[in-house]
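Structural features, examined
Below, each chain spelled out in residue letters.
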Amino acid sequence: MLIYAVRRIVVSIPILLVSSFVVFWLGTLSGNPLTPLILRNPPPPPHVLAAEADRLHLNEPLVPRYLSWLGGVLRGDFGPSVIATQDIGAELGARFWVTMRLIIVAMVIALVLAVLVGVYTAVRQYSKADYTATFLGFLFLAMPSFWLAILLKQGGIDFNTIVGDQVIYTIGASSVPAPPGFLARVVDIAGHLVLPTIALALISYAAWSRFTRASMLETLNSDYVRLARAKGLSRRTVMFRHALRTALIPLTTVTALDVATILGGAVITERVFQWRGLGDFLIESIRQFDTYAVTSWLLVSAAIVIAFNLVADLLYGVLDPRIRYA
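My aim in this report is to walk through the structure given alongside it, one point at a time.

Conventions used here
- Residues numbered from 1 in each chain as written.
- Predicted model: local features only at pLDDT ≥ 70, side-chain atom pairs only at ≥ 80, totals over all residues.
- Heavy atoms only, no water.
- Helix = DSSP H or I, 4+ residues; strand = E, 2+ residues; numbered from the N terminus.
- Buried < 20%, exposed > 50% of the residue type's maximum accessible area, 1.4 Å probe, protein only.
- Contact = heavy atoms within 4.5 Å.
- Phe/Tyr/Trp six-rings, centres within 6.5 Å; stacked < 30°, edge-to-face > 60°.
- 1 Å grid on protein atoms, 1.4 Å probe; cavity = no way out; pocket = protein on both sides within 12 Å on 5 of 7 lines; lining within 4 Å.
- Points joined across faces, edges and corners; volume = space filled by probe spheres on them.
- Nonpolar A, V, L, I, M, F, W, Y, C, P; charged D, E, K, R; others polar.
- Patch = residues over 30% accessible without salt bridge, like charges linked within 9 Å, V, L, I, M, F, W, Y side chains within 5 Å.
- Areas by Shrake-Rupley, 256 points an atom, 1.4 Å probe, with all protein chains shown as cover.
- Salt bridge = Lys/Arg side-chain N within 4 Å of Asp/Glu carboxyl O.

Position of Ser 20 relative to the elements: it lies in helix α1 (residues 2-29). By relative accessible area, which is 1% here, Ser 20 ends up buried. Excluding its chain neighbours within four sequence positions, the residues that come into contact with Ser 20 are Tyr 66, Trp 69, Leu 70 and Leu 299.

Below is the structure:
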(Lines give C-alpha, C1' and ligand atoms only; values in the text may rest on other atoms or scores of the structure.)
Protein backbone atom coordinates (compact mmCIF):
# COMPACT_ATOMS: atom_id res chain seq x y z
CA MET A 1 0.00 0.00 0.00
CA LEU A 2 2.83 2.41 0.86
CA ILE A 3 4.58 1.76 -2.46
CA TYR A 4 1.31 2.27 -4.31
CA ALA A 5 0.68 5.54 -2.45
CA VAL A 6 4.17 6.85 -3.29
CA ARG A 7 3.72 5.79 -6.93
CA ARG A 8 0.38 7.59 -7.18
CA ILE A 9 1.90 10.74 -5.66
CA VAL A 10 4.78 10.59 -8.18
CA VAL A 11 2.30 10.13 -11.06
CA SER A 12 0.28 13.11 -9.78
CA ILE A 13 3.26 15.47 -10.10
CA PRO A 14 3.40 15.55 -13.96
CA ILE A 15 -0.41 15.82 -14.01
CA LEU A 16 -0.18 18.84 -11.75
CA LEU A 17 2.61 20.36 -13.89
CA VAL A 18 0.57 19.97 -17.09
CA SER A 19 -2.45 21.43 -15.28
CA SER A 20 -0.34 24.38 -14.12
CA PHE A 21 0.74 25.18 -17.69
CA VAL A 22 -2.81 24.87 -19.01
CA VAL A 23 -4.27 27.16 -16.34
CA PHE A 24 -1.41 29.66 -16.83
CA TRP A 25 -1.97 29.70 -20.59
CA LEU A 26 -5.73 30.11 -20.14
CA GLY A 27 -5.06 32.86 -17.59
CA THR A 28 -3.02 34.84 -20.13
CA LEU A 29 -5.92 34.57 -22.59
CA SER A 30 -8.55 35.69 -20.07
CA GLY A 31 -7.84 39.41 -20.33
CA ASN A 32 -5.29 42.21 -20.14
CA PRO A 33 -4.34 43.00 -16.50
CA LEU A 34 -3.78 46.63 -17.58
CA THR A 35 -7.45 47.04 -18.54
CA PRO A 36 -8.49 48.76 -15.25
CA LEU A 37 -5.66 51.28 -15.73
CA ILE A 38 -6.45 51.88 -19.40
CA LEU A 39 -10.14 52.48 -18.62
CA ARG A 40 -9.39 55.19 -16.06
CA ASN A 41 -10.50 58.68 -16.97
CA PRO A 42 -8.12 60.33 -17.54
CA PRO A 43 -5.86 57.34 -18.41
CA PRO A 44 -2.35 57.21 -16.87
CA PRO A 45 0.62 58.33 -18.99
CA PRO A 46 2.25 55.74 -21.29
CA HIS A 47 5.37 55.37 -19.12
CA VAL A 48 3.18 54.30 -16.18
CA LEU A 49 1.51 51.62 -18.31
CA ALA A 50 4.92 50.46 -19.56
CA ALA A 51 6.29 50.22 -16.02
CA GLU A 52 3.21 48.26 -14.88
CA ALA A 53 3.56 45.91 -17.89
CA ASP A 54 7.19 45.27 -16.90
CA ARG A 55 6.24 44.62 -13.27
CA LEU A 56 3.62 42.08 -14.37
CA HIS A 57 6.03 40.49 -16.93
CA LEU A 58 3.51 41.08 -19.72
CA ASN A 59 6.20 41.70 -22.35
CA GLU A 60 7.84 38.29 -21.87
CA PRO A 61 7.04 35.26 -24.10
CA LEU A 62 4.60 32.72 -22.70
CA VAL A 63 6.98 29.84 -21.85
CA PRO A 64 9.72 31.88 -20.06
CA ARG A 65 6.99 33.75 -18.24
CA TYR A 66 5.38 30.47 -17.17
CA LEU A 67 8.69 28.97 -16.02
CA SER A 68 9.47 32.11 -14.02
CA TRP A 69 6.03 31.97 -12.40
CA LEU A 70 6.30 28.23 -11.68
CA GLY A 71 9.72 28.71 -10.07
CA GLY A 72 8.23 31.41 -7.88
CA VAL A 73 5.30 29.16 -6.91
CA LEU A 74 7.74 26.49 -5.71
CA ARG A 75 9.28 29.15 -3.45
CA GLY A 76 5.87 30.35 -2.23
CA ASP A 77 5.72 33.38 -4.57
CA PHE A 78 2.59 33.23 -6.74
CA GLY A 79 3.52 36.21 -8.91
CA PRO A 80 2.77 39.94 -8.85
CA SER A 81 -0.79 41.08 -8.34
CA VAL A 82 -2.38 44.05 -10.10
CA ILE A 83 -2.81 45.35 -6.55
CA ALA A 84 0.82 46.18 -5.80
CA THR A 85 0.43 45.71 -2.03
CA GLN A 86 -1.30 42.32 -2.28
CA ASP A 87 0.65 39.09 -1.67
CA ILE A 88 -1.24 36.43 -3.63
CA GLY A 89 0.32 33.52 -1.71
CA ALA A 90 -0.51 35.00 1.70
CA GLU A 91 -4.05 35.80 0.55
CA LEU A 92 -4.60 32.27 -0.77
CA GLY A 93 -3.18 30.76 2.42
CA ALA A 94 -5.45 32.84 4.64
CA ARG A 95 -8.56 31.93 2.65
CA PHE A 96 -7.73 28.28 1.90
CA TRP A 97 -8.86 26.78 5.22
CA VAL A 98 -11.94 28.99 5.33
CA THR A 99 -13.13 27.30 2.14
CA MET A 100 -11.80 23.84 2.97
CA ARG A 101 -13.70 23.61 6.25
CA LEU A 102 -16.90 24.39 4.35
CA ILE A 103 -16.14 21.81 1.65
CA ILE A 104 -15.00 19.05 4.03
CA VAL A 105 -17.93 19.43 6.44
CA ALA A 106 -20.41 19.57 3.55
CA MET A 107 -18.90 16.48 1.91
CA VAL A 108 -18.94 14.48 5.17
CA ILE A 109 -22.59 15.36 5.84
CA ALA A 110 -23.59 14.66 2.24
CA LEU A 111 -21.78 11.31 2.22
CA VAL A 112 -23.27 10.12 5.52
CA LEU A 113 -26.79 11.09 4.43
CA ALA A 114 -26.31 9.62 0.95
CA VAL A 115 -25.13 6.25 2.29
CA LEU A 116 -27.86 6.03 4.95
CA VAL A 117 -30.67 7.02 2.59
CA GLY A 118 -29.26 5.11 -0.39
CA VAL A 119 -28.92 1.84 1.54
CA TYR A 120 -32.29 2.22 3.27
CA THR A 121 -34.17 2.93 0.03
CA ALA A 122 -32.38 0.10 -1.78
CA VAL A 123 -33.36 -2.41 0.90
CA ARG A 124 -36.94 -1.08 0.92
CA GLN A 125 -37.32 -0.54 -2.83
CA TYR A 126 -40.68 0.90 -3.99
CA SER A 127 -41.76 1.62 -0.40
CA LYS A 128 -43.18 4.99 0.73
CA ALA A 129 -39.74 5.92 2.11
CA ASP A 130 -38.18 5.09 -1.26
CA TYR A 131 -40.65 7.25 -3.17
CA THR A 132 -40.25 10.11 -0.66
CA ALA A 133 -36.44 9.99 -0.87
CA THR A 134 -36.65 9.84 -4.68
CA PHE A 135 -38.91 12.91 -4.77
CA LEU A 136 -36.65 14.90 -2.41
CA GLY A 137 -33.55 13.80 -4.31
CA PHE A 138 -34.85 15.02 -7.65
CA LEU A 139 -36.16 18.20 -5.98
CA PHE A 140 -32.71 19.08 -4.64
CA LEU A 141 -31.09 18.13 -7.95
CA ALA A 142 -33.39 20.56 -9.76
CA MET A 143 -32.48 23.43 -7.43
CA PRO A 144 -29.63 25.72 -8.53
CA SER A 145 -27.14 25.95 -5.65
CA PHE A 146 -27.23 29.77 -5.55
CA TRP A 147 -31.03 29.76 -5.33
CA LEU A 148 -31.03 27.25 -2.49
CA ALA A 149 -28.37 29.31 -0.68
CA ILE A 150 -30.44 32.50 -1.09
CA LEU A 151 -33.57 30.70 0.19
CA LEU A 152 -31.74 29.44 3.27
CA LYS A 153 -30.21 32.85 3.97
CA GLN A 154 -33.56 34.60 3.70
CA GLY A 155 -35.15 31.92 5.92
CA GLY A 156 -32.45 32.53 8.55
CA ILE A 157 -33.00 36.30 8.40
CA ASP A 158 -36.78 35.87 8.77
CA PHE A 159 -36.34 33.48 11.70
CA ASN A 160 -34.01 35.92 13.49
CA THR A 161 -36.53 38.70 12.90
CA ILE A 162 -39.36 36.63 14.39
CA VAL A 163 -37.44 35.63 17.55
CA GLY A 164 -35.92 39.13 17.88
CA ASP A 165 -32.34 37.88 18.21
CA GLN A 166 -29.54 36.48 16.03
CA VAL A 167 -29.99 32.75 16.54
CA ILE A 168 -28.91 31.74 13.01
CA TYR A 169 -25.81 33.31 11.45
CA THR A 170 -26.41 34.49 7.89
CA ILE A 171 -23.29 36.56 7.10
CA GLY A 172 -19.57 35.80 7.31
CA ALA A 173 -17.46 32.78 8.25
CA SER A 174 -17.08 34.00 11.87
CA SER A 175 -18.09 36.91 14.06
CA VAL A 176 -16.11 40.16 14.05
CA PRO A 177 -14.64 40.65 16.59
CA ALA A 178 -14.19 36.97 17.48
CA PRO A 179 -15.64 35.94 20.86
CA PRO A 180 -13.06 35.43 23.64
CA GLY A 181 -12.02 31.87 24.49
CA PHE A 182 -11.21 28.85 22.33
CA LEU A 183 -14.49 27.01 22.91
CA ALA A 184 -16.55 30.14 22.19
CA ARG A 185 -14.70 30.62 18.89
CA VAL A 186 -15.30 27.00 17.86
CA VAL A 187 -19.01 27.35 18.62
CA ASP A 188 -19.09 30.65 16.72
CA ILE A 189 -17.43 29.13 13.63
CA ALA A 190 -19.74 26.08 13.80
CA GLY A 191 -22.76 28.40 13.96
CA HIS A 192 -21.63 30.26 10.83
CA LEU A 193 -21.15 26.92 9.04
CA VAL A 194 -24.75 25.75 9.41
CA LEU A 195 -26.55 27.43 6.50
CA PRO A 196 -23.68 27.38 3.92
CA THR A 197 -23.03 23.72 4.73
CA ILE A 198 -26.69 22.77 4.26
CA ALA A 199 -26.80 24.64 0.93
CA LEU A 200 -23.67 22.90 -0.34
CA ALA A 201 -24.38 19.45 1.11
CA LEU A 202 -27.97 19.02 -0.12
CA ILE A 203 -27.03 19.26 -3.80
CA SER A 204 -24.28 16.64 -3.46
CA TYR A 205 -26.41 14.44 -1.21
CA ALA A 206 -29.17 14.29 -3.81
CA ALA A 207 -26.89 12.94 -6.55
CA TRP A 208 -24.87 10.64 -4.30
CA SER A 209 -27.93 9.07 -2.61
CA ARG A 210 -29.38 8.15 -6.01
CA PHE A 211 -26.04 6.67 -7.02
CA THR A 212 -25.73 4.73 -3.74
CA ARG A 213 -29.24 3.32 -4.15
CA ALA A 214 -28.54 2.11 -7.69
CA SER A 215 -25.16 0.65 -6.75
CA MET A 216 -26.61 -1.08 -3.67
CA LEU A 217 -29.49 -2.60 -5.68
CA GLU A 218 -27.04 -3.98 -8.23
CA THR A 219 -24.87 -5.47 -5.46
CA LEU A 220 -27.81 -7.00 -3.57
CA ASN A 221 -28.88 -8.80 -6.74
CA SER A 222 -25.39 -10.14 -7.51
CA ASP A 223 -24.54 -13.85 -7.34
CA TYR A 224 -22.07 -13.63 -4.46
CA VAL A 225 -24.63 -11.93 -2.22
CA ARG A 226 -27.20 -14.62 -3.05
CA LEU A 227 -24.55 -17.24 -2.23
CA ALA A 228 -23.82 -15.56 1.10
CA ARG A 229 -27.52 -15.64 1.96
CA ALA A 230 -27.77 -19.30 0.88
CA LYS A 231 -24.92 -20.15 3.27
CA GLY A 232 -27.06 -18.88 6.13
CA LEU A 233 -25.19 -15.66 6.93
CA SER A 234 -27.23 -13.13 8.85
CA ARG A 235 -28.87 -10.26 6.98
CA ARG A 236 -26.70 -7.78 8.88
CA THR A 237 -23.48 -9.58 7.89
CA VAL A 238 -24.49 -9.85 4.24
CA MET A 239 -25.56 -6.23 4.14
CA PHE A 240 -22.66 -4.48 5.84
CA ARG A 241 -19.75 -6.90 5.41
CA HIS A 242 -20.28 -7.92 1.79
CA ALA A 243 -22.80 -5.75 -0.07
CA LEU A 244 -22.16 -2.27 1.33
CA ARG A 245 -18.37 -2.32 0.99
CA THR A 246 -18.63 -3.28 -2.68
CA ALA A 247 -21.37 -0.74 -3.33
CA LEU A 248 -19.23 2.06 -1.85
CA ILE A 249 -16.44 1.67 -4.43
CA PRO A 250 -18.31 3.41 -7.31
CA LEU A 251 -19.54 6.05 -4.84
CA THR A 252 -15.93 6.78 -3.87
CA THR A 253 -15.06 7.39 -7.53
CA VAL A 254 -18.05 9.67 -8.07
CA THR A 255 -17.31 11.62 -4.88
CA ALA A 256 -13.71 12.25 -5.93
CA LEU A 257 -14.77 13.35 -9.41
CA ASP A 258 -17.40 15.70 -7.93
CA VAL A 259 -14.84 17.67 -5.90
CA ALA A 260 -14.40 20.19 -8.72
CA THR A 261 -18.19 20.67 -8.86
CA ILE A 262 -18.36 21.14 -5.08
CA LEU A 263 -15.55 23.69 -5.26
CA GLY A 264 -17.53 25.58 -7.90
CA GLY A 265 -20.62 25.42 -5.67
CA ALA A 266 -18.55 26.72 -2.76
CA VAL A 267 -17.62 29.81 -4.82
CA ILE A 268 -21.32 30.67 -5.21
CA THR A 269 -22.24 29.73 -1.63
CA GLU A 270 -19.45 31.87 -0.18
CA ARG A 271 -20.60 34.82 -2.26
CA VAL A 272 -24.19 34.51 -1.00
CA PHE A 273 -23.15 34.25 2.66
CA GLN A 274 -20.33 36.82 2.26
CA TRP A 275 -17.50 34.53 3.27
CA ARG A 276 -13.96 35.75 2.61
CA GLY A 277 -12.80 32.41 1.23
CA LEU A 278 -11.29 31.20 -2.03
CA GLY A 279 -14.53 31.84 -3.91
CA ASP A 280 -14.64 35.50 -2.93
CA PHE A 281 -10.94 35.78 -3.82
CA LEU A 282 -11.56 34.31 -7.30
CA ILE A 283 -14.47 36.60 -8.12
CA GLU A 284 -12.62 39.72 -6.94
CA SER A 285 -9.53 38.68 -8.92
CA ILE A 286 -11.57 38.18 -12.10
CA ARG A 287 -13.24 41.55 -11.62
CA GLN A 288 -9.83 43.24 -11.33
CA PHE A 289 -8.26 41.34 -14.30
CA ASP A 290 -5.68 39.95 -11.85
CA THR A 291 -4.23 37.22 -14.11
CA TYR A 292 -1.69 35.83 -11.63
CA ALA A 293 -4.27 35.63 -8.85
CA VAL A 294 -6.80 33.79 -11.07
CA THR A 295 -4.09 31.44 -12.34
CA SER A 296 -2.92 30.70 -8.79
CA TRP A 297 -6.51 30.01 -7.70
CA LEU A 298 -6.92 27.56 -10.59
CA LEU A 299 -3.65 25.85 -9.65
CA VAL A 300 -4.79 25.43 -6.03
CA SER A 301 -8.13 24.12 -7.30
CA ALA A 302 -6.37 21.57 -9.55
CA ALA A 303 -4.18 20.46 -6.62
CA ILE A 304 -7.28 19.94 -4.43
CA VAL A 305 -8.98 17.80 -7.12
CA ILE A 306 -5.83 15.71 -7.65
CA ALA A 307 -5.42 15.23 -3.88
CA PHE A 308 -9.02 14.03 -3.43
CA ASN A 309 -8.66 11.61 -6.35
CA LEU A 310 -5.48 10.27 -4.76
CA VAL A 311 -7.35 9.67 -1.50
CA ALA A 312 -10.11 7.89 -3.45
CA ASP A 313 -7.57 5.58 -5.11
CA LEU A 314 -6.14 4.67 -1.71
CA LEU A 315 -9.60 3.97 -0.29
CA TYR A 316 -10.26 1.33 -2.96
CA GLY A 317 -7.90 -1.07 -1.22
CA VAL A 318 -9.59 -0.46 2.14
CA LEU A 319 -13.10 -1.02 0.79
CA ASP A 320 -12.34 -4.06 -1.35
CA PRO A 321 -9.46 -6.41 -0.36
CA ARG A 322 -9.69 -8.03 -3.81
CA ILE A 323 -7.92 -4.95 -5.17
CA ARG A 324 -4.20 -5.58 -4.87
CA TYR A 325 -1.54 -2.91 -4.99
CA ALA A 326 1.64 -4.33 -6.47
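This next bit is on the environment of Arg 65. With respect to the element layout, Arg 65 can be found in helix α4 (residues 62-74). Arg 65 sits in the buried class, given a relative accessible area of 9%. The sequence separation of Arg 65 and Leu 263 amounts to 198 residues, and the corresponding C-alpha distance is 28 Å. If we skip the residues at most four places from it in the chain, Arg 65 touches Phe 24, Thr 28, Leu 56, His 57, Leu 58, Glu 60 and Tyr 292.

Let us now look at the packing of aromatic side chains. Evaluated as defined, the whole model comprises seven aromatic pairs. Geometrically, the ring pair formed by Tyr 66 and Trp 69 is tilted, given 6.3 Å between the ring centres and 40 degrees between the ring planes. Highlighted residues: Tyr 66 and Trp 69, both in helix α4, separated by three residues, approximately one helical turn. Relative accessible area serves as the criterion here: at 7%, Tyr 66 is assigned to the buried category. With a relative accessible area of 3%, Trp 69 lands in the buried category.

Further remarks concern empty space enclosed by the protein. Empty space among the atoms can be located by rolling a probe the size of a water molecule over them. Applying the stated criterion to the full structure yields one cavity of 30 Å³ or more. Volume-wise, the largest cavity comes out at about 30 Å³. Among the secondary structure elements, those contributing two or more residues to the lining of the largest cavity are α5 (88-123), α6 (128-142) and α8 (182-220). The element that contributes the greatest number of residues to the lining of the largest cavity is α8, accounting for three residues. Along the lines of polarity and charge, the residues of the lining of the largest cavity split into two nonpolar, three polar and two charged.

Time to look at a nonpolar patch on the surface. A cluster of nonpolar side chains, Val 18, Phe 21, Val 22, Trp 25, Leu 26, Leu 29, Val 63 and Leu 67, forms an exposed patch at the surface whose accessible area comes to about 730 Å². Listing elements by their share of the nonpolar patch, those giving two or more residues are α1 and α4. A total of six residues in the nonpolar patch trace back to one element, the largest contributor, which is α1. For Val 18, a relative accessible area of 54% corresponds to the exposed category.

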